[in-house]
Amino acid sequence: MTAAERLADALRAEHAAIYAYGVLGARLDGQTVSAAQTAEAAHRARRDAVMVRLAALRAPAPPAEPAYALPAPVPDQAAALRLMVGVEERCAGIWRQALPEVTGDDRQLAVDALIDCAVRATKARTVAGVRPPTVPFPGRQ
Amino acid sequence: MVLTMAVRIGEERRRPSRRTVLRAALGSAAGAVSLAACDGPRSEAQQLPAPDPLNPFYHDTAALLGRYDAAIATQPALAERLGPIRDAHRTHLEALAREIGPGLDTAAATSPGPGPGEPSSLAALSAAEQAASAAAREACLRAPSYRAALLGSIAAARASHVAALS
């Protein structure tokens with residue numbers, strides 16, 4: 001898989017993450033919702049960075065889907081936090097897979113995205129009461 | 001063409017010594033006879049592998065693990081919180097040892113851990129994790145492609161430890 005294809009995969013994951021935050025944000029209480037808003041803004045910034053990069057590579061940028069199938073219903077805050085952890089783990093996995101395929105600024109983009117996903121997943125696990133809140137190799141499937 | 005491919009694959013996986021490259025060049029330029037002529041037992045014995053660039057990173061990881069061992073030994077109340085992080089560093093150390101393979105510099109691995117005066121408060125450990133995450137990120141950016149995912153995950157794990165310690 002080429003670097004552009006890996007970046008396109010990452011873009012699809014960022015689109016899906018932004019959609020998921022739109023759903024789960026509605027189920028969070030006032031204290032938690034600000035963390036989710038910060039996370040969503042970070043995913044939007046990463047999405048924009050990937051789109052700029054793909055344009056520079058003259059590679060196709062997959063658009064966002066109108067809707068995404070969620071792994072489970074999101075009726076309450078506990079489910080919303082589970083979805084948040086899952087979204088961050090999935091994005092971490094996609095970015096980790098990109099790392100061997102990209103170099104230079106793209107490697108930096110990918111590793112920073114992986115780091116940010118791991119930190120957000122840990123924060124979400126902490127709020128959800130998941131112990132331990134960390135995993136040894138973020139992004140490794 | 002085949003020879004060029006072989007050397008390039010060698011660069012990717014092992015970074016060949018200058019002698020390996022020279023032998024490959026001699027082989028292509030002068031044929032198998034001259035290659036055989038400089039391939040005696042003496043030149044084989046001199047062909048030591050270059051030190052693996054991950055060795056310092058491995059030893060820094062061992063030192064970080066040592067800080068957690070010391071912190072848990074002196075503050076057992078923190079064991080439940082620090083234990084999983086300590087275990088992650090041990091898992092990283094084992095993965096790095098496997099990655100480095102025979103090039104692992106075990107002589108330096110016996111260096112003592114942090115002294116008894118090394119601060120082991122949560123704030124001190126958090127600062128150490130922050131620095132260690134930055135070091136792993138730099139190592140990931142410099143690494144050959146086949147090591148990028150491992151080092152990237154270690155950078156991410158260390159950053160997540162900062163979040164878990166706060």
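Below you will find a few notes about this structure. (Residues numbered from 1 in each chain as written. Chains lettered and ligands numbered in written order. Predicted model: local features only at pLDDT ≥ 70, side-chain atom pairs only at ≥ 80, totals over all residues. Heavy atoms only, no water.)

### A word on the overall build of chain A
Right, on to step 1. Regarding its fold elements, chain A presents four helices and zero strands.
Right, on to step 2. Ordered by position from N to C terminus, the α and β elements of chain A give α-α-α-α.
Right, on to step 3. Across the 141 residues in chain A, those meeting the buried criterion constitute 48%.
Right, on to step 4. Of the contacts made within chain A by residues no fewer than 6 positions apart, 75% connect residues no fewer than 24 positions apart.
Right, on to step 5. Summed over all atoms, the accessible surface of chain A reaches about 6800 Å², with 55% contributed by carbon and sulfur. (Helix = DSSP H or I, 4+ residues; strand = E, 2+ residues; numbered from the N terminus. Buried < 20%, exposed > 50% of the residue type's maximum accessible area, 1.4 Å probe, protein only. Contact = heavy atoms within 4.5 Å. Areas by Shrake-Rupley, 256 points an atom, 1.4 Å probe, with all protein chains shown as cover.)

### Overview of the interface of chain B and chain A
Right, on to step 1. Every contact between the two is made by 25 residues of chain B and, on the other side, 20 residues of chain A.
Right, on to step 2. The junction of chain B with chain A conceals about 1800 Å² of combined surface from both sides, 71% of it contributed by carbon and sulfur atoms.
Right, on to step 3. Summed over the shared surface of chain B and chain A, the result is one salt bridge.
Right, on to step 4. A salt bridge links A:Asp112 to B:Arg137; the shortest N-O distance between them is 2.5 Å.
Right, on to step 5. The interface formed by chain B and chain A includes six residue pairs in polar contact (both at pLDDT 80 or more).
Right, on to step 6. Of all the secondary-structure elements, those providing two or more residues to the side of chain B that touches chain A are α6 (79–100), α8 (122–142) and α9 (145–165) of chain B.
Right, on to step 7. Tallying contributions element by element places α9(B) first for the side of chain B that touches chain A, with 15 residues.
Right, on to step 8. Looking at the side of chain B that touches chain A residue by residue, the class counts come to 17 nonpolar, seven polar and one charged. (Buried area = accessible area lost by both parts, 1.4 Å probe. Salt bridge = Lys/Arg side-chain N within 4 Å of Asp/Glu carboxyl O. Polar contact = N/O pair within 3.5 Å; in protein donor to acceptor, adjacent residues only side chain to side chain. Nonpolar A, V, L, I, M, F, W, Y, C, P; charged D, E, K, R; others polar.)

### Points about the environment of B:Pro102
Residues and elements named next belong to chain B.
Right, on to step 1. As for its placement among the helices and strands, Pro 102 is situated in the loop between α6 and α7 (106–109).
Right, on to step 2. In this structure Pro 102 comes out as exposed when scored by relative accessible area, which is 87%.
Right, on to step 3. Considering only alpha carbons, one finds Pro 102 and Asp 52, 50 residues apart in sequence, at a separation of 9.3 Å.

### A look at the packing of helix α1 (residues 3–24) of chain A against helix α2 (residues 30–56) of chain A
Residues and elements named next belong to chain A.
Right, on to step 1. It is at 9 Å that the axes of α1 and α2 come closest, and there the two elements cross at 155 degrees. In terms of orientation, α1 lies roughly antiparallel with respect to α2. The interaxial crossing formed by α1 with α2 has left-handed handedness. Contacts between α1 and α2 pair Ala 4, Leu 7, Ala 8, Leu 11, Glu 14, His 15, Ala 17, Ile 18, Tyr 21, Gly 22 and Leu 24 from the former with Ala 36, Ala 39, Glu 40, His 43, Arg 44, Arg 46, Arg 47, Val 50, Met 51, Arg 53 and Leu 54 from the latter.
Right, on to step 2. Each residue belonging to the contact of α1 with α2 can be placed in one class, and the counts come to 13 nonpolar, three polar and six charged. (Axes fitted to C-alpha atoms, helices over the stretch in contact; angles between N-to-C directions. Parallel < 35°, antiparallel > 145°, perpendicular 65-115°, else oblique. Left-handed = near helix turned anticlockwise from the far one by under 90°.)

### Regarding α2(A)
Right, on to step 1. Taking 1.5 Å of rise per residue, the 27 residues of α2(A) would be expected to cover 39 Å, and the 40 Å separating its terminal C-alpha atoms lies within 8% of that figure.
Right, on to step 2. Two to three positions downstream of the cap, the backbone nitrogen of A:Gln31 sits 3.1 Å from a side-chain oxygen, assigning the N-cap of α2(A) to A:Asp29. (Expected span 1.5 Å × (residues − 1).)

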